[in-house]
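Structural description and commentary
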Amino acid sequence: AQSVAQPEDQVNVAEGNPLTVKCTYSVSGNPYLFWYVQYPNRGLQFLLKYITGDNLVKGSYGFEAEFNKSQTSFHLKKPSALVSDSALYFCAVSGNQAGTALIFGKGTTLSVSS
Amino acid sequence: DTAVSQTPKYLVTQMGNDKSIKCEQNLGHDTMYWYKQDSKKFLKIMFSYNNKELIINETVPNRFSPKSPDKAHLNLHINSLELGDSAVYFCASSQDGRRGDIQYFGAGTRLSVL
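Reference entry: report on the structure contained in this document. (Residues numbered from 1 in each chain as written. Chains lettered and ligands numbered in written order. Predicted model: local features only at pLDDT ≥ 70, side-chain atom pairs only at ≥ 80, totals over all residues. Heavy atoms only, no water.)

**Overview of the interface of chain B and chain A**
Contacts between chain B and chain A engage 25 residues on the former and 28 residues on the latter. Together chain B and chain A conceal approximately 2000 Å² of surface at their shared face, both sides included; 56% is due to carbon and sulfur atoms. On the surface where chain B and chain A come into contact, there are zero salt bridges. Among the elements of the structure, strand E4 (31-37), strand E5 (43-50) and strand E6 (53-57) of chain B are those that each provide at least two residues to the side of chain B that touches chain A. Sort the elements by how many residues they give to the side of chain B that touches chain A and E4 of chain B lands first, with four residues. Counted by class, the side of chain B that touches chain A contains 11 nonpolar, seven polar and seven charged residues. (Contact = heavy atoms within 4.5 Å. Buried area = accessible area lost by both parts, 1.4 Å probe. Salt bridge = Lys/Arg side-chain N within 4 Å of Asp/Glu carboxyl O. Helix = DSSP H or I, 4+ residues; strand = E, 2+ residues; numbered from the N terminus. Nonpolar A, V, L, I, M, F, W, Y, C, P; charged D, E, K, R; others polar.)

**So, the nonpolar core**
All names here are of chain A. Of all hydrophobic cores here, the largest spans 27 residues; its most connected members are Trp35, Leu47, Leu48, Phe74, Leu76 and Tyr89. When contributions to this core are tallied by element, the ones reaching two or more residues are strand E2 (10-14), strand E3 (19-21), strand E5 (33-38), strand E6 (44-50), strand E8 (64-68), strand E9 (73-78), strand E10 (87-94) and strand E12 (108-113). If you tally residues by element for this core, the top one is E10, at four residues. (Core = buried A, V, L, I, M, F, W, Y, C linked by side-chain atoms within 4.5 Å. Buried < 20%, exposed > 50% of the residue type's maximum accessible area, 1.4 Å probe, protein only.)

**A short note on the environment of histidine 29 of chain B**
All names here are of chain B. Along the polypeptide, histidine 29 turns up in the loop between strand E3 (19-25) and E4. C-alpha of histidine 29 to C-alpha of alanine 72: the two residues are 43 residues apart in sequence and 7.2 Å apart in space. Setting aside residues no more than four positions away along its own chain, histidine 29 makes contact with Lys71, Ser93, Ser94, Gln95 and Tyr104. A distance of 3.4 Å separates a polar side-chain atom of histidine 29 from the backbone nitrogen of serine 94. (Polar contact = N/O pair within 3.5 Å; in protein donor to acceptor, adjacent residues only side chain to side chain.)

**Focus: the environment of glycine 95 of chain A**
Within the secondary structure layout, glycine 95 of chain A lies in the loop between E10 and strand E11 (102-104). C-alpha of glycine 95 of chain A to C-alpha of proline 31 of chain A: the two residues are 64 residues apart in sequence and 9.0 Å apart in space. Among residues more than four places away in sequence, those in contact with glycine 95 of chain A are Gln2, Thr100, Ala101 and Ile103 of chain A together with Arg99 of chain B.

**Description of the sheet that holds strand E8 (residues 73-78) of chain B**
All names here are of chain B. Taken together, the four strands give an open sheet; going across it, the order is E1-E3-E8-E7, and neighbouring strands pair in antiparallel fashion. Single-partner strands in this sheet number two, and they are strand E1 (4-7) and strand E7 (64-70). Neighbour-to-neighbour, the strand axes of this sheet turn through a mean angle of 20°, independent of strand direction. The pairing of E3 with E8 spans four bridges and is classified as antiparallel. For glutamate 24, the partnering residue across the bridge sits in E8 and is histidine 73. (Pairing = 2+ DSSP bridges. Axes fitted to C-alpha atoms, helices over the stretch in contact; angles between N-to-C directions.)

**A word on the pairing of E6 of chain A**
All names here are of chain A. With five of seven residues buried, E6 lies mostly within the body of the structure. Examined bridge by bridge, E5 and E6 share six bridges and lie antiparallel to one another. Directly across from glutamine 38, in E6, lies its bridge partner leucine 44. Connecting the antiparallel pair E5 and E6 is a turn made up of five residues, with asparagine 41 showing a positive phi of about 60°.

Read these as layout, nothing more, since geometry by itself doesn't imply function.
In structure tokens:
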């Protein structure tokens, strides 16, 4: 069965510092991985995805993620955090079945302090 | 112009009532989804439709019945509401429902059952 794990409930960083939000995955076959962000009382917004190709994926709002097959990880990163980056971040993997529902991790709350 | 829109945004009702949530997408996508986000922010797929046909029906009680009158709409009807149905329900859509498709989410409907 496909699954993703986000080991941290919360990540705290100071504005201007680099941030990392961790995600590991367990899939059969090639992984199709996603990062979404949820701001308070809002829907989920797509940040980036990995399907194949370059292990470093660049996405929206200056975020990037590094796919590491040997460590089965897909960590989200940003070189310099902004207070406005504070939100709930979800890692997800695409299921194998028809309709390809996303299977989400439990989410990580990112808090950026000024 | 909102890509995926849900109505209502908030829904407060008594146990035992029947209620519906509507979802519309103007992206021309073929596949639509319903996800449930519980009080711990955990997201789980409920249903997936591709071009008006049911593709995924995760172990959801029979009290939940999705209806897709056309591929731009996927409504969710819930009978005999229970306290445990309180959650945020998200509608989403994707181009073809294939692995790797980006899913676009609505803003969510917060259902409170009293």
